[in-house]
Amino acid sequence: MATPHPNLAAEAQTLCALAEIPENGAKGFTISAGRDALDLFVVRKGYDVYGYVNTCPHTGTSLDWVPDQFLDETGSLLQCATHGALFRIEDGFCVAGPCTGASLTQVKVRVTDGMVELLGRVETHLN
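None of these values were measured; they are calculated from a predicted model.

Draft legend 1. Structural view of the environment of Leu-18. In this structure, Leu-18 sits in the loop between β2 (13-17) and β3 (25-33). Once residues within four sequence positions are removed from consideration, Leu-18 is found in contact with Arg-44, Tyr-47, Val-49, Val-111, Gly-114, Met-115 and Val-116.

Draft legend 2. Molecular detail of the sheet that holds strand β7 (residues 86-88). One open sheet accounts for three strands, arranged β6-β7-β8; its pairing is antiparallel. The sheet terminates laterally at β6 (77-79) and β8 (94-96), the two strands that pair on one side only. On average, each strand axis in the sheet is tilted by 40 degrees relative to the strand beside it, whichever way the strands run. One ladder, built from two bridges, connects β7 with β8; its direction is antiparallel. Bridge assignment links Leu-86 to a residue of β8, and that residue is Ala-96.

Draft legend 3. Local environment of unusual backbone geometry. With a phi angle near 55 degrees, Asn-24 is a residue other than glycine that sits in the positive phi range. Relative to the assigned elements, Asn-24 resides in the loop between β2 and β3. Assessed through its relative accessible area of 42%, Asn-24 is described here as partly exposed. We note that Asp-113 has phi near 50 degrees; this positive angle belongs to a residue other than glycine. Position of Asp-113 among the secondary structure elements: in the loop between β9 (106-112) and β10 (115-119).

Draft legend 4. Layout of the pattern of salt bridges. Counted under the stated rule, the structure contains four salt bridges. The residue Arg-44 makes a salt bridge to Glu-23 at a minimum N-O spacing of 3.4 Å. Remark: Glu-23 occurs in the loop between β2 and β3 and Arg-44 occurs in strand β4 (residues 36-45); sequence separation between them is 21 residues. Given a relative accessible area of 47%, Glu-23 falls into the partly exposed group.

Draft legend 5. Structural view of the packing of aromatic side chains. Throughout the structure, instances matching the rule amount to two aromatic pairs. Note on Phe-41 and Phe-70: the rings are 4.1 Å apart at their centroids and 10 degrees apart in plane angle, and the pair reads as stacked. Here Phe-41, found in strand β4, pairs with Phe-70, found in the loop between β5 (48-53) and β6; they are 29 residues apart in sequence, far enough to count as distant.

Draft legend 6. The nonpolar core, seen in detail. One finds Phe-41, Leu-63, Leu-78, Phe-87 and Leu-104 to be the most contacted residues of the largest nonpolar core, which totals 16 residues. Counting 15 residues, the second largest nonpolar core, distinct from the first, contains Leu-15, Leu-18, Leu-38 and Leu-40.

Draft legend 7. Structural context of the environment of Gly-25. By the secondary structure assignment, Gly-25 is in strand β3. Gly-25 sits in the buried class, given a relative accessible area of 8%. Along the backbone, Gly-25 and Val-49 are 24 residues apart, and their C-alpha atoms lie at a distance of 9.9 Å. Contacts of Gly-25, omitting those with residues within four sequence positions, involve Val-42, Val-43, Arg-44 and Leu-71.

The rules behind each value
Residues numbered from 1 in each chain as written. Predicted model: local features only at pLDDT ≥ 70, side-chain atom pairs only at ≥ 80, totals over all residues. Heavy atoms only, no water. Helix = DSSP H or I, 4+ residues; strand = E, 2+ residues; numbered from the N terminus. Contact = heavy atoms within 4.5 Å. Pairing = 2+ DSSP bridges. Axes fitted to C-alpha atoms, helices over the stretch in contact; angles between N-to-C directions. Buried < 20%, exposed > 50% of the residue type's maximum accessible area, 1.4 Å probe, protein only. Salt bridge = Lys/Arg side-chain N within 4 Å of Asp/Glu carboxyl O. Phe/Tyr/Trp six-rings, centres within 6.5 Å; stacked < 30°, edge-to-face > 60°. Core = buried A, V, L, I, M, F, W, Y, C linked by side-chain atoms within 4.5 Å.

What follows is the structure, encoded as structure tokens:
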């Protein structure tokens, strides 16, 4: 079950300029709040951005072995580097691999005046 991460700001938090994320690319971030840290990533498709917690629902590992490498060879799906699971960019739904039918944890992001912002509280899956 998803629950709000208790120590992350409820207000918008600037992550980076949209131009820092390649067209049809992705960028990872570590969000800190006191002693807590959470790894996230944002995927860009044109002016649209999609944000996720950087944790595979199958193994709990990060999706990227190489920083900012979240997409498959075609650039059309997100891919877990640990076991190759594939996820839709638009909603994080797993379409292939050992976690088929599961989803990445989404975070709310938007673009305002050319800046990518994280909105609200980040939700994480608690084990």
